[in-house]
Amino acid sequence: MATATRPGAAGGAGAETAPRRASLVLLALIVVAAVANLNLTVANVALPDIGRAFDAGQTTLDLIAIGYSLGLAGSVLYLGAVGDRYGRRMMLVLGVLLSVPACLLAAYAPDAGVLLAGRLLGGISAGMAYPTTLALITALWSGPARIRAIALWSGIGGAITALGPMLAGLVLQHFWWGSAFLLTLPLAVVALVLALACVPSHVNETTDTVDHLGGVLSMVFVAALVVTINFAPVPGAGALATGTALVTLAAGAGFFLRQHRARSPLYDLHVAGRRIFWVAAVGGIIVFGSLMGAIFVGQQYLQDVLGYSPLRAGVAILPAAVCMVGFAPLSARLTHALGSGFTLLSGYLFCLLSFLTMLLLWKQGSSYWVVGLAFAFLGAGVGLAGTPASHSLTSSVPTRRAGMASGTADLQRDLGGAIMQSILGALLTAGYASVIAKSVASSPNRSKITGSVQSQLEKSFAGAQQVAQRYPQYASKITAAAKSAFLSGDQWAYAAAIIGVLLGAALVFFMFPRQEAEIALLGQYRAEDSQPAAVPARAPRPRAAHRKR
């Protein structure tokens, strides 16, 4: 099998390997990943404008915000396995190409339904390209060189995710809401050229068959789970939420059984059961989900409550991007010197400080230094935790399972983002609607408020603003009530995020091995993974031997 790797250090367990033109290859992979990372958050800053343009409720806005993450999280395991089997660079190129029509569909959508479809298609295009970037880093680099490459990939990727709202705010100052979805088009062109020119083909790819049934079940499971979380708190949507919850359980059970029985499972449950792998996977989901959830709620807080313009709201997140890039090299050094568990916990500490700042200090009329401080803490946390989370996944699997490891790393960001945004968005929606309902019930003009007006008020902040425009004599009171309701809902969201961070930190502290035990376990995994390689592919009766085992 063709490979572009070359030894970069003496042989042995700690040897470094890297591809020819390593800097250019890594640049190409980071730019391809940037197309996906930028698309993750550009919708957040446009949500208030989208809500006004389509008269969309908070639940609809939640779905639009997470649509991209949903498409990516649902497809990433399946498409990562397809790339492992049929060609990673091919999937890289196809994913970048598909992102172009997806961006155009979202930008020029005539209604919220088409916009959501464009976001889902964009997520699927990222599911083709994004997991391949980390899979190729795993296949092309090893040793400390791999840790450094992952640190740059993770830190820059996280920073671009945080920069998305700022860039979207910049174009929204001059153009319509759809212009935010066109930002990635020039980047996609650059990514395509670099991928074709620099990324090698057919590096340590597998010849195993792809578990297509498992892939379909994984997509159904993730999609049903996210939809259930979003609709569970919506009044009148109980039947839908119950139905999707049943689909989630059925698809999850089917996927689990399929992976136990399939000859070439999509997701190797034996490998996934390794302590370093599954603890890092769950820990990363919470960390990266915290980033997406904070940006999602924070953008609405900045624009709806503090009255920031889209550009100013996007720029407000800049401390997160700066700290993510700044802390990535430190994360690589700490991971190498003190172990992944210590570095993960350090990241959790900063994430906790971020959400405590939001919970306690983000009020109506808060100054920017409070906003910037929370985002700086968040950026430091993700910058520290991103490298050990991804490195632990890729180091604890055989190279032939690189797609599984990279798919899980992507799930950390995308499923974590979809789940955290869904949970925080659902709590924000429930808290907002509850306070608005109480305000309407206690209003001296209660008899004049029709059912349709109350429904519009409870739907979202944008809905309340539209009512305020129709009744200018009550505009100040309506706006004040909507801001108060939003602040109540976001308190619910931040409290839930704090609980999630504390649970994740407890998991890492008690379950992730300390540095010496981590090194020993990784050595044990490598020894286990080398056993199949000792049996040549042309060995006599390999299938009979397999059945005997």
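Residues numbered from 1 in each chain as written. Predicted model: local features only at pLDDT ≥ 70, side-chain atom pairs only at ≥ 80, totals over all residues. Heavy atoms only, no water.

A.B. asks: I would appreciate a short explanation of the overall build of the chain in the present structure.
C.D. replies: Along the chain, the regular secondary structure elements total 20 helices and two strands. Within the span of the chain, comprising 549 residues, buried residues form 58% of the whole. Pairs at least 24 residues apart make up 83% of the contacts formed inside the chain by residues separated by at least 6 positions. Put simply, the chain shows about 21,100 Å² of open surface, and 68% of that area lies on carbon and sulfur atoms. (Helix = DSSP H or I, 4+ residues; strand = E, 2+ residues; numbered from the N terminus. Buried < 20%, exposed > 50% of the residue type's maximum accessible area, 1.4 Å probe, protein only. Contact = heavy atoms within 4.5 Å. Areas by Shrake-Rupley, 256 points an atom, 1.4 Å probe, with all protein chains shown as cover.)

A.B. asks: Is there a simple way to explain helix H6 (residues 184–198) in this structure?
C.D. replies: Because each turn of an α-helix spans 3.6 residues, side chains separated by three or four positions end up pointing in the same direction. Counted at 1.5 Å a residue, the expected span for H6 with its 15 residues is 21 Å, and the 20 Å between its end C-alpha atoms agrees. Burial in H6 covers these residues: Thr184, Ala188, Ala191, Leu194, Ala195 and Cys198. End-on view of H6: buried residues confined to an arc of 135 degrees, all on one side of the axis. Opposite the buried face of H6, by more than 90 degrees, sit the exposed residues Pro186, Val189 and Val193. Tucked inside the fold, the buried residues of H6 contact helix H1 (22–54) and helix H3 (88–107). (Expected span 1.5 Å × (residues − 1). Arc of directions from axis to C-beta.)

A.B. asks: Help me understand the packing of helix H10 (residues 275–305) against helix H13 (residues 340–361), please; the structure alone is not making it clear to me.
C.D. replies: Relative placement of two packed helices is described by the angle separating their axes and the distance separating the axes. Following both chains from N to C, one finds H10 and H13 inclined at 30 degrees, their axes separated by 11 Å at the closest point. Comparing their axes, H13 and H10 come out roughly parallel. When the axes of H10 and H13 are compared, the crossing they make is left-handed. When H10 is examined against H13, the residues Val282, Gly283, Ile286, Val287, Ser290 and Ala294 are found in contact with a partner set consisting of Tyr348, Cys351, Phe355 and Met358. Broken down by class, the residue content of the contact of H10 with H13 amounts to eight nonpolar, two polar and no charged. (Axes fitted to C-alpha atoms, helices over the stretch in contact; angles between N-to-C directions. Parallel < 35°, antiparallel > 145°, perpendicular 65-115°, else oblique. Left-handed = near helix turned anticlockwise from the far one by under 90°. Nonpolar A, V, L, I, M, F, W, Y, C, P; charged D, E, K, R; others polar.)

A.B. asks: Help me out: how do you make sense of the confidence of the model for the chain in this one?
C.D. replies: Interpretation of this model should avoid reading the predicted coordinates in detail wherever pLDDT is low. Averaged over the chain, the pLDDT score is 79; the fraction of residues at 70 or greater is 87%. Per-residue pLDDT, averaged within each element of the chain, yields its smallest value for strand E1 (residues 5–7) (42) and its largest for H13 (92). Segment residues 1–13 is flagged for pLDDT under 50; beyond a separation of four residues in sequence, or across chains, it makes 32 contacts in the model. When the criterion is pLDDT under 50, residues 533–549 qualifies, and its contacts beyond four places in sequence or with other chains add up to one contact. (pLDDT = per-residue confidence, 0-100.)

A.B. asks: Just to check I follow, could you spell out the pattern of salt bridges for this structure?
C.D. replies: Once the charged atoms of two side chains with opposite charge are near each other, the side chains can pair. Taken as a whole and judged by the stated rule, the model has one salt bridge. In this structure, the salt-bridge partner of aspartate 211 is arginine 258, at a minimum N-O distance of 2.8 Å. Here the residue aspartate 211 occupies a position in the loop between H6 and helix H7 (212–231), and arginine 258 occupies one in helix H8 (residues 238–261), the gap between them amounting to 47 residues. (Salt bridge = Lys/Arg side-chain N within 4 Å of Asp/Glu carboxyl O.)

A.B. asks: Which parts of the structure should I look at to understand the packing of aromatic side chains?
C.D. replies: Centre distance and the angle of the planes are the two values used to describe a pair of aromatic rings. Within this structure, the stated rule accounts for nine aromatic pairs. Three or more aromatic residues link up through ring pairs in this structure, and these residues are Tyr301, Trp362, Phe375 and Tyr494. We note arginine 312 situated over the ring of tyrosine 308; from NZ or CZ to the ring centre the distance is 3.9 Å. Here arginine 514 stacks its cationic end above the ring of phenylalanine 509, 5.1 Å away from the centre of that ring. (Phe/Tyr/Trp six-rings, centres within 6.5 Å; stacked < 30°, edge-to-face > 60°. Lys NZ or Arg CZ within 6 Å of the ring centre and 35° of its normal.)

A.B. asks: Can you help me understand the environment of glycine 214 in this one?
C.D. replies: By the secondary structure assignment, glycine 214 is in helix H7. Taking the C-alpha atoms as reference points, glycine 214 and glycine 254, 40 residues apart in sequence, are found 8.2 Å from one another. Among residues more than four places away in sequence, those in contact with glycine 214 are Phe255, Arg258, Gln259 and Leu266.

A.B. asks: Any chance you could explain the packing of H1 against H6 here in plain terms?
C.D. replies: Between H1 and H6, whose axes approach to 9 Å, the crossing angle comes to 150 degrees. Judged by the angle between their axes, H1 and H6 are roughly antiparallel. In the packing of H1 onto H6, the handedness of the crossing is left-handed. Here Leu24, Val25, Leu27, Ala28, Val31, Val32, Ala34, Val35, Leu38 and Asn39 of H1 lie close against H6, whose contacting residues are Thr184, Leu187, Ala188, Val190, Ala191, Leu194, Ala195 and Cys198. Looking at the contact of H1 with H6 residue by residue, the classes come out as 16 nonpolar, two polar and no charged.

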